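Descriptive analysis of the structure
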Amino acid sequence: MRAFLSAVSVLMLLLGTGWLFFPGTMLQWWGVETDATGVYVARRYGGLLFGYAAILWLGRTSGPSAARAAILGGGTIVTALVTLLSLGGVVTGAIGPGAWGAVVIEAALTGGFLYFFLAERTQAQVKAAS
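No experiment lies behind these values; they were computed from the predicted model shown.

Quick look at the pattern of salt bridges now. One side chain can pair with another of opposite charge once the charged atoms of both are near each other. The tally for this structure, following the rule as stated, stands at one salt bridge. Of the charged contacts, one joins arginine 68 and glutamate 120 as a salt bridge, the two residues approaching to 2.7 Å between their closest N and O atoms. Here glutamate 120 lies in helix α5 (residues 100–129) and arginine 68 lies in helix α4 (residues 66–92), a separation of 52 residues in the sequence. Its relative accessible area of 10% is what places arginine 68 among the buried residues.

Take the packing of helix α3 (residues 36–59) against α4 next. Between α3 and α4, whose axes approach to 11 Å, the crossing angle comes to 150 degrees. When the axes of α3 and α4 are compared, the pair comes out roughly antiparallel. With respect to the hand of their crossing, α3 and α4 are arranged in left-handed fashion. Between α3 and α4, the residues in contact are Tyr45, Tyr52, Ile55, Leu56 and Gly59 and Ile71, Gly75, Val78, Thr79 and Val82, respectively. Across the contact of α3 with α4, the residue classes break down as seven nonpolar, three polar and no charged.

What follows deals with a nonpolar patch on the surface. Taken together, the side chains of Val10, Leu14, Trp57 and Leu58 present a nonpolar region at the surface, about 430 Å² in accessible area. Checked against the element boundaries, leucine 58 lands in helix α3. We classify leucine 58 as exposed; its relative accessible area is 67%.

Quick look at the nonpolar core now. Residues Phe4, Val8, Met12, Trp19, Leu56 and Phe113 are the most contacted members of the largest nonpolar core, which totals 23 residues. Elements represented by at least two residues in this core include exactly α1 (2–21), α2 (23–29), α3, α4 and α5. Leaving out residues up to four positions away in the same chain, methionine 12 has contacts with Leu49, Tyr52, Ala53, Leu56 and Leu109.

Here α3 is 24 residues long and its end C-alpha atoms lie 35 Å apart, about the 34 Å a rise of 1.5 Å per residue gives. Within α3 the residues assigned to the buried category are Gly38, Ala42, Gly46, Leu49, Tyr52, Ala53, Leu56 and Gly59. The opening residue of α3 is aspartate 35, an N-cap whose side-chain oxygen sits 3.1 Å from the backbone nitrogen of threonine 37.

Each aromatic ring pair is described using two quantities: the centre-to-centre distance and the angle formed by the ring planes. This model, assessed by the stated rule, comprises five aromatic pairs. Taking 5.0 Å as the distance between ring centres and 80 degrees as the angle between the ring planes, the aromatic pair formed by phenylalanine 4 and phenylalanine 113 counts as edge-to-face. Taken together, the residues phenylalanine 4 in helix α1 and phenylalanine 113 in helix α5 connect sequence positions 109 residues apart. Look at phenylalanine 113 and you get buried, because its relative accessible area is 0%.

Analysis parameters
- Residues numbered from 1 in each chain as written.
- Predicted model: local features only at pLDDT ≥ 70, side-chain atom pairs only at ≥ 80, totals over all residues.
- Heavy atoms only, no water.
- Salt bridge = Lys/Arg side-chain N within 4 Å of Asp/Glu carboxyl O.
- Helix = DSSP H or I, 4+ residues; strand = E, 2+ residues; numbered from the N terminus.
- Buried < 20%, exposed > 50% of the residue type's maximum accessible area, 1.4 Å probe, protein only.
- Axes fitted to C-alpha atoms, helices over the stretch in contact; angles between N-to-C directions.
- Parallel < 35°, antiparallel > 145°, perpendicular 65-115°, else oblique.
- Left-handed = near helix turned anticlockwise from the far one by under 90°.
- Contact = heavy atoms within 4.5 Å.
- Nonpolar A, V, L, I, M, F, W, Y, C, P; charged D, E, K, R; others polar.
- Patch = residues over 30% accessible without salt bridge, like charges linked within 9 Å, V, L, I, M, F, W, Y side chains within 5 Å.
- Areas by Shrake-Rupley, 256 points an atom, 1.4 Å probe, with all protein chains shown as cover.
- Core = buried A, V, L, I, M, F, W, Y, C linked by side-chain atoms within 4.5 Å.
- Expected span 1.5 Å × (residues − 1).
- Polar contact = N/O pair within 3.5 Å; in protein donor to acceptor, adjacent residues only side chain to side chain.
- Phe/Tyr/Trp six-rings, centres within 6.5 Å; stacked < 30°, edge-to-face > 60°.

Pasting the structure below:
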């Protein structure tokens, strides 16, 4: 789990850097035309990704706990929703086909978070039963 959270944290830091400092390029990859408001929103998203990266990085070494379960559960929800939004955007044509890579990566992250979340809950149930 530590390796997973470390890798996702680094990925979020890289994506956050792209969205915060190069929002026009990030939006262009997705085939999205934008204005100053779109750039502002993209930068806000980058800032959120930096915070998400910090949460994952700082929580990567924690042992089984309610806090780690919250990080994993929250990660599952965040990545599942973003996957659905990205998928919807590509399918409806709101964003370009360049976003298919994001859909695949986000879906894989959702699977990883869900796997570790369920493992964490199972471990907590076994511990509580003994």
